[in-house]
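Chain and residue survey
In case you want the letters, here they are:
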Amino acid sequence: MTTRRPARRRGAPGAAAALRAAAEQLAELLGRPPESVSSVKPTEDGWEAVVEVVELERIPDTTSVMGSYTVALDEEGELISYERTRRYSRGMVDRPDR
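Residues numbered from 1 in each chain as written. Predicted model: local features only at pLDDT ≥ 70, side-chain atom pairs only at ≥ 80, totals over all residues. Heavy atoms only, no water.

Our focus in this paragraph is the nonpolar core. Ala22, Leu26, Val51, Val53, Tyr69, Val71 and Leu73 are the most contacted members of the largest nonpolar core, which totals 13 residues. For this core, the secondary-structure elements that each account for two or more residues are α1 (15-30), β2 (46-56) and β3 (65-74). Looking at this core, the element that brings in the most residues is α1, giving 5 residues. (Core = buried A, V, L, I, M, F, W, Y, C linked by side-chain atoms within 4.5 Å. Buried < 20%, exposed > 50% of the residue type's maximum accessible area, 1.4 Å probe, protein only. Helix = DSSP H or I, 4+ residues; strand = E, 2+ residues; numbered from the N terminus.)

Shown next as structure tokens:
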């Protein structure tokens, strides 16, 4: 089974450029630098990325509070929406569903 990828317009950003754009624009809005980008995928309207941000620094840093944000970008790589979807401690490890 193959997943159909949306067609990209000529001159539209690729995945790497979309990833950088999502991180930079979210940092500008939140006033905090992104820690990482955990996913990026094409959509019919552009790109969607999940960006991890340190929301509250603590010592030790494994207890810092992280925020996971879903960011939507249009075809030109401009941020059109973002939403915090999760908050967690940096040291928390995802566990597989049982």
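The structure having been displayed, the exposition proceeds.
Scored by pLDDT, the protein chain has a mean of 86; 84% of the residues are at 70 or more. The least confident element of the protein chain is α1, whose mean pLDDT is 91; the most confident is β3, at 96. Scored below 50 in pLDDT, residues 2-8 shows 6 contacts in the model against residues more than four places distant or in partner chains. (pLDDT = per-residue confidence, 0-100. Contact = heavy atoms within 4.5 Å.)

With that settled, consider the environment of alanine 15. Relative to the assigned elements, alanine 15 resides in helix α1. The spacing of alanine 15 and lysine 41 is 26 residues in sequence and 7.3 Å in space, taken between C-alpha atoms. Leave out the neighbours within four places in its chain, and alanine 15 touches Val40 and Trp47.

So, about the pattern of salt bridges. Across all of its chains, the model carries 4 salt bridges by this definition. For the salt bridge of glutamate 48 with lysine 41, the shortest nitrogen-to-oxygen distance reads 3.7 Å. Exposure remark for glutamate 48: the relative accessible area of 28% places this residue in the partly exposed category. In this structure, arginine 84 engages glutamate 55 in a salt bridge whose closest nitrogen and oxygen atoms are separated by 3.1 Å. With a gap of 29 residues between them, arginine 84 in strand β4 (residues 79-89) and glutamate 55 in strand β2 connect regions that are remote in the sequence. Exposure remark for glutamate 55: the relative accessible area of 12% places this residue in the buried category. Several salt bridges share partner residues, and in doing so they unite Glu55, Arg84 and Arg87 into one network. (Salt bridge = Lys/Arg side-chain N within 4 Å of Asp/Glu carboxyl O.)

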